[in-house]
Amino acid sequence: MTIPPPSAELPINLPYAFALGAAAACGGLMFGFDIAIIAGAGPFLVDRFALSPLQMGLAFSILLFGCALGALGAGPLSDRFGRRRVMLAVAVIFAVTSVWTGLAPDYDSLLLARFVGGLGVGAVSVAAPTYVSEISPPSIRGRMGALYQLSIVVGIFASYLINYALKDIGPDAWRWMFASGAAPSVAFFLLVLWAAETPAYLVKQGREDEARRVLERLGGERADAALTRIRASVAGAGPGLKVLLEPRLRKPLLITIVLAVLVHASGINTVIDYAPLILRSAGFTLDAALFSTLVLGGANLLFTLVSFWTIDRFGRKPLYLVGSLGMAAALAGMMIAVATGQFQGVLVLALIVAYLFFFASCIGPVFWTLTPELFPNAARGVAMSVPVLTQWIANALVVLVFPSAFAEIGRIGTFALLASACVLQAVFVQLFAPETRNRSLEEIEGLWSADEALARGRDPILQE
């Protein structure tokens, strides 16, 4: 079946489109909050529970292992019950586990609470970008994807701000840091409760009248043409996880899996979670290190705003290349600073800010925009679980071993490994990732169909 091209475009209802995108993107706020709140709580936990470097790494990373399991189940659940219902359930999990973690009486209880909280973070990391991708008109989908990354960064900045505000209230400050996550969870629940379901999911469920109403309100193209393309793209979907075995998913799965590993192997969450550890190794006091994380969070937020101007203007691949090589250069600067005895003070803070600039303005927004774009409508919910699961596992492993690596192989060796991953990321994107800027999701899907047809020795232009 051929997919008709978009007809003459209608004006996009930008306020409505951004309101829907912002509602789902607030899941990213909880994502960012939960992974970063531990940065300020960590030093208190080390003192409270007398943690070894490995126990510290486990306290930081256990949430991420929960994220991996949550991501694994979120795809099938979002395909069965809808992106919106999964996000509502996640909001409840966020609220409950924020309070639970704050009340944890011992180390084991803390680990369990963070693991369960991770289930929610992992689920929203599948459902929210899938929702944003499916609800967005093609011409603004990059900025909408950047909105999700911006929400993650806002969550990180909010956690740094709360950490700094609560640092002097006593040895139990960490309890209030964790428990404060309940408030934004309630706001996220109310926003998603208002939002509409995505047209692609509604069409898959046979609810085309509802899908038409959402499309008509969004604008961007004729609802009839959009429905025809969506109907064609979701036809013949395999049941459940079996859809992952379809030949058309081989390339997008491989590309997104490798990108999911490299986005964390390049070190972003070690910088976010262990910024106080890195800064204290550069001579900062605990108070100065926590204040500096607040500076880093503000810089991260500011740099993410840059992506709203660049992502739909320059495309996905150029930003990935610039961001990867820029991060590698910042890490190389840290290595040189250590080797020359200059790893201290403002220089280290400036190098971390430079690293964050290239990630926040390039890599972060593009990864969460590009990944759902590469999957067909019929399989997006389930397929998204694979790279998201992969990135959480990679994230967890990197965060788990970073304190031990920092102590055992030293700063130069650790930074060298992260820089190598950045360079490998640039090479891989240049060789294998397609450019998706200004293409509809159905047009991107056609890239894989064409590749499959050519692999079979058939001309894709002649295919029905």
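Report on the accompanying structure. What you see is a predicted model; the values in this text were computed from it and never measured. (Residues numbered from 1 in each chain as written. Predicted model: local features only at pLDDT ≥ 70, side-chain atom pairs only at ≥ 80, totals over all residues. Heavy atoms only, no water.)

Some details on the side chain of Ser159
Line of reasoning, step 1. Tracing the backbone through its elements, the reader meets Ser159 in helix α5 (residues 141-166).
Line of reasoning, step 2. A distance of 2.6 Å separates a polar side-chain atom of Ser159 from the backbone oxygen of Ile156.
Line of reasoning, step 3. Not counting residues within four places of it along the chain, the set of residues in contact with Ser159 comprises Phe33, Ala36 and Ile37. (Helix = DSSP H or I, 4+ residues; strand = E, 2+ residues; numbered from the N terminus. Polar contact = N/O pair within 3.5 Å; in protein donor to acceptor, adjacent residues only side chain to side chain. Contact = heavy atoms within 4.5 Å.)

A few points about the packing of aromatic side chains
Line of reasoning, step 1. Tallied over the full model, the rule gives 10 aromatic pairs.
Line of reasoning, step 2. Judged by centre distance (6.2 Å) and plane angle (55 degrees), the ring pair of Phe49 and Tyr107 falls under tilted. Taken as a pair, Phe49 in helix α1 (residues 14-49) and Tyr107 in helix α4 (residues 107-135) lie far apart in primary sequence, 58 residues in all. The pair formed by Phe49 and Tyr107 is uniform in burial state, with each residue classed as buried.
Line of reasoning, step 3. Measuring from centroid to centroid gives 5.9 Å for Phe343 and Phe415, while their planes differ by 40 degrees, and the two rings are tilted. Within this pair, whereas Phe343 is found in the loop between α15 (316-339) and α16 (345-373), its partner Phe415 is found in helix α18 (residues 410-432), the two being separated by 72 residues in sequence.
Line of reasoning, step 4. Connected via pairs of aromatic rings, a cluster forms that spans Phe49, Tyr107, Trp174 and Phe178.
Line of reasoning, step 5. In this arrangement the basic side chain of Lys167 is found over the ring face of Tyr164, its NZ or CZ atom lying 4.7 Å from the centre.
Line of reasoning, step 6. Between the NZ or CZ atom of Arg217 and the centre of the ring of Tyr16, over which it lies, the distance is 4.0 Å. (Phe/Tyr/Trp six-rings, centres within 6.5 Å; stacked < 30°, edge-to-face > 60°. Buried < 20%, exposed > 50% of the residue type's maximum accessible area, 1.4 Å probe, protein only. Lys NZ or Arg CZ within 6 Å of the ring centre and 35° of its normal.)

Some thoughts on the nonpolar core
Nonpolar side chains tend to gather and get buried jointly when the protein is soluble and globular.
Line of reasoning, step 1. Met87, Phe343, Ile352 and Trp392 are the most contacted members of the largest nonpolar core, which totals 144 residues.
Line of reasoning, step 2. Aside from chain neighbours lying at most four places away, what touches Ile352 is Val271, Ile278, Leu279, Leu296 and Met334. (Core = buried A, V, L, I, M, F, W, Y, C linked by side-chain atoms within 4.5 Å.)

Quick word on α1
One full turn of an α-helix is made of 3.6 residues, so residues set three or four places apart face in the same direction.
Line of reasoning, step 1. Helix length check: α1 (36 residues) gives 50 Å between terminal C-alpha atoms against 52 Å at 1.5 Å per residue, within 8%.
Line of reasoning, step 2. Largest kink in α1: about 55 degrees, centred on Ala41, with the proline Pro43 one to four residues after it.
Line of reasoning, step 3. Counting buried positions along α1 yields 27 of 36 residues, so the element is predominantly enclosed.
Line of reasoning, step 4. After α1 finishes, the residue Ala50 shows a positive phi value of roughly 50 degrees. (Expected span 1.5 Å × (residues − 1). Bend = angle between axes of the 7 residues up to and from the residue.)

Structural notes on α15
Line of reasoning, step 1. For α15, with 24 residues, the first-to-last C-alpha span of 35 Å sits near the 34 Å given by 1.5 Å per residue.
Line of reasoning, step 2. Of the residues trailing α15, Gly341 is marked for its positive phi of about 75 degrees.

Focus: the side chain of Glu134
Line of reasoning, step 1. Assignment of secondary structure puts Glu134 in helix α4.
Line of reasoning, step 2. We classify Glu134 as buried; its relative accessible area is 9%.
Line of reasoning, step 3. Once residues within four sequence positions are removed from consideration, Glu134 is found in contact with Arg83, Thr198, Pro199, Ala200, Tyr201, Arg380 and Leu441.

Thoughts on a nonpolar patch on the surface
Line of reasoning, step 1. Together, Leu325, Val423, Val427, Leu431 and Phe432 give the surface a local cluster of nonpolar side chains, amounting to about 480 Å² of exposed area.
Line of reasoning, step 2. Among the elements that take part in the nonpolar patch, α18 stands out by supplying four residues, more than any other.
Line of reasoning, step 3. As for its placement among the helices and strands, Val427 is situated in helix α18. (Patch = residues over 30% accessible without salt bridge, like charges linked within 9 Å, V, L, I, M, F, W, Y side chains within 5 Å. Areas by Shrake-Rupley, 256 points an atom, 1.4 Å probe, with all protein chains shown as cover. Salt bridge = Lys/Arg side-chain N within 4 Å of Asp/Glu carboxyl O.)

Topic: the pattern of salt bridges
Line of reasoning, step 1. The full count for this structure, using the stated rule, is eight salt bridges.
Line of reasoning, step 2. The closest approach of N and O atoms between Arg83 and Asp79, which form a salt bridge, is 2.8 Å.
Line of reasoning, step 3. Residue classification places Asp79 among the buried positions, given a relative accessible area of 13%.
Line of reasoning, step 4. Across the pair Arg83 and Glu134 runs a salt bridge whose closest N-O atoms are separated by 2.8 Å. Note that Arg83 is positioned in helix α3 (residues 83-102) and Glu134 in helix α4, a separation of 51 residues in sequence.
Line of reasoning, step 5. The network of salt bridges with shared partners includes Asp79, Arg83, Glu134 and Lys204.

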